[in-house]
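So the chains spell out like this:
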Amino acid sequence: MIIFDKIKSLFTQNKIPAEQQTTYSEQVENNLMIRLELAQKTIALEKSLDRVRVCALKMNTTDELATVVETLLVELEGLNLGLLRVGIAILNKNLRTTKTWSSFLSDEKRRVKLSGEYSVDIHKVLANAFDKWAKGLDDVYFYTIEPDELKAYYAALNKVNFNLSSQNQTAEETAIKRQYYVGIYFKEGGLFAFSNKPYENYTIELLKRFTEVIGLTYARFNEIKVAENSAKKVTTLLTEIRDSINYAKRIQQTLLAQDDFLRDNLNELFVFFVPKDIVSGDFYWATKQNKKFYLAVCDSTGHGVPGAFMSLLNIGFLNEAINEKAIEKPNEVFDYVRLKLINTISKDDQKDGFDGILLCFDEENKSITYAAANNSPLLIRDGVISEIGRAHV
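Quick caveat, the model's predicted, so the values are computed rather than measured.

Enquirer: Can you lay out the pairing of strand β12 (residues 384-387) for me, pointing to particular residues and giving the numbers?
Expert: Pairing of strand β11 (residues 378-381) with β12 involves 4 bridges; the strand directions are antiparallel. Each bridged residue has a counterpart across the sheet, and for Leu 379 the counterpart in β12 is Ser 386.

Pasting the structure below:
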């Protein structure tokens, strides 16, 4: 390497004996190799953390948390830290439960991913780690697990159906010996790992870096969860409102003039009724009283739901005037409705009501009378359309 050639040249210029040159060169080379290896590990670590961060930033739904966790576990395994098992636990302080994702390599070198939710009190390793986290006194928890205790730990997980297949249990149990547990905490839980040897400081610091990323990831998860819950509430509310409006539409349609009734009393007709919203302030209504057929086509004050309420009120007053009060003349019917609206809702100079036309077809006299409010009826005769005028005849 060029750098070693330059160092040897410096030794020669300074007349350092050959034996010392060899010793110094070996020392420098060892130090450089150590630094190079550390730099390579640091670069690999940062690349791993970046991949996890990118995965976390792409998370748009809470369902994608498992994908981020899987990426993190894969990256940890790729750093060759000699960990037998590594995982993430989200802890619930009130319920004393943990939701866990973890992975390890089976005897066939096949990665097995586990997930489950259970009480931390199934084994003291979990209970102790949970209590340390709940108290918030330390950010790292170490525990040495002896073989018999480790078997009890796996047995406890098996009882809560932690997705441990019999093959994986055998692989674990046949190799059981003393293991070392470490838990590194963040706000909502912690990263945990098992190793068959005590942890070096470098490994702990590296795990801490990953724990920081987990904490940020879970914070984003919670933000998305809040947004999803809010969106769900809004969607539910909108659905309820829409369902209510659709039900109101059915009520309104039952009060409109029915096609069969119209065809029984009119020879030729068509209905063009296209509400802007689900319900409408526009309405057409008909009734028959004393051999007189009445047809009203009106536009109530307001649109949508407010207009629909007004249409129901107006239809009610028209029905009351003709069928209950036996008012026959269209202009008097409109006058009655107008007074009812004034006395009922038109307070403080509000102008609530409707524009429209009320036609009265008199079968006995073969005549048509009408009343118009801010509208004029149209007469079509011999293909000619003419506006009659607003005075009633």
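Enquirer: Please provide a residue-by-residue account of the sheet that holds strand β10 (residues 367-373), values included.
Expert: On the basis of which strands lie adjacent, the open sheet formed by 4 strands has the order β7-β8-β9-β10 and antiparallel pairing. Of all strands in the sheet, those bounded by a partner on one side alone are β7 (282-289) and β10. Taking the axes of each pair of neighbouring strands and ignoring which way they run, one obtains an average angle of 10 degrees across the sheet. As judged from the 9 bridges shared by strand β8 (residues 292-300) and strand β9 (residues 354-362), these two strands associate in the antiparallel manner. Across the sheet, Lys 292 pairs through a bridge with Asp 362, a residue of β9. Contacts from helix α9 (residues 304-324) reach β7, β8 and β9, with the element oriented near 15 degrees to β7.

Enquirer: Tell me what's going on with the pattern of salt bridges, and back it up with residues and numbers.
Expert: On inspection of all chains with the given rule, the structure shows 13 salt bridges. Its salt-bridge partner being Arg 96, residue Asp 121 comes within 2.8 Å of it at the nearest N-O pair. Placement of the pair is Asp 121 in the loop between β3 (111-119) and α4 (124-135) and Arg 96 in the loop between β1 (83-92) and β2 (97-105), with a sequence separation of 25 residues. On the basis of relative accessibility, which here comes to 24%, the residue Arg 96 falls in the partly exposed class. When the shortest N-O distance is used, the salt bridge between Lys 124 and Glu 149 registers 3.2 Å. Of this pair, Lys 124 sits in helix α4 while Glu 149 sits in helix α5 (residues 147-159), and the two are 25 residues apart along the sequence. Note on Lys 124: relative accessible area 46%, which makes it partly exposed. Residue classification places Glu 149 among the buried positions, given a relative accessible area of 16%.

Enquirer: Before we move on, can you summarise the packing of aromatic side chains with the specific residues and values?
Expert: Counted by the stated rule, this structure contains 14 aromatic pairs. When the ring of Phe 142 is compared with that of Tyr 199, the centres are 6.5 Å apart and the planes differ by 45 degrees; the resulting orientation is tilted. Taken together, the residues Phe 142 in strand β4 (residues 140-145) and Tyr 199 in the loop between β6 (189-195) and α7 (201-255) connect sequence positions 57 residues apart. Judged by relative accessible area, Tyr 199 falls into the buried class, the value being 15%. Grouping aromatic residues by their ring pairs yields a cluster made of Tyr 141, Tyr 143, Tyr 153, Tyr 154, Tyr 181, Phe 192 and Phe 194. The cationic tip of Lys 93 hangs over the ring face of Trp 133; the distance from NZ or CZ to the ring centre is 5.6 Å.

Enquirer: Kindly report on the nonpolar core, identifying the contributing residues and their values.
Expert: Counting residues in each nonpolar core, the largest one holds 35 residues, and the members touching the most others are Leu 72, Leu 76, Val 182, Leu 191, Leu 207 and Phe 210. Elements with a contribution of two residues or more to this core: α2 (18-57), α3 (65-78), β1, β5 (179-186), β6 and α7. The leading source of residues in this core is α7, at 9 residues. Contacts of Leu 72, omitting those with residues within four sequence positions, involve Val 52, Ile 88, Leu 191, Phe 210 and Ile 214.

Enquirer: Could you give an account of the confidence of the model for the protein, naming the residues involved and the relevant values?
Expert: One rule of thumb: low pLDDT means the predicted coordinates there are not for detailed reading. Per-residue pLDDT for the protein has a mean of 81; in total, 81% of the residues score no lower than 70. Segment residues 164-174: pLDDT under 50, and 17 contacts once partners within four positions in sequence are set aside and those in other chains are kept.

Enquirer: Tell me about the side chain of Asn 314, and please be specific about residues and values.
Expert: Among the structural elements, Asn 314 can be located in helix α9. For Asn 314, a relative accessible area of 0% puts it in the buried group. Once residues lying within four places of it in the same chain are set aside, the contact partners of Asn 314 are Phe 283, Ser 300, Leu 341, Gly 353 and Phe 354.

About the cut-offs
Residues numbered from 1 in each chain as written. Predicted model: local features only at pLDDT ≥ 70, side-chain atom pairs only at ≥ 80, totals over all residues. Heavy atoms only, no water. Pairing = 2+ DSSP bridges. Helix = DSSP H or I, 4+ residues; strand = E, 2+ residues; numbered from the N terminus. Axes fitted to C-alpha atoms, helices over the stretch in contact; angles between N-to-C directions. Contact = heavy atoms within 4.5 Å. Salt bridge = Lys/Arg side-chain N within 4 Å of Asp/Glu carboxyl O. Buried < 20%, exposed > 50% of the residue type's maximum accessible area, 1.4 Å probe, protein only. Phe/Tyr/Trp six-rings, centres within 6.5 Å; stacked < 30°, edge-to-face > 60°. Lys NZ or Arg CZ within 6 Å of the ring centre and 35° of its normal. Core = buried A, V, L, I, M, F, W, Y, C linked by side-chain atoms within 4.5 Å. pLDDT = per-residue confidence, 0-100.

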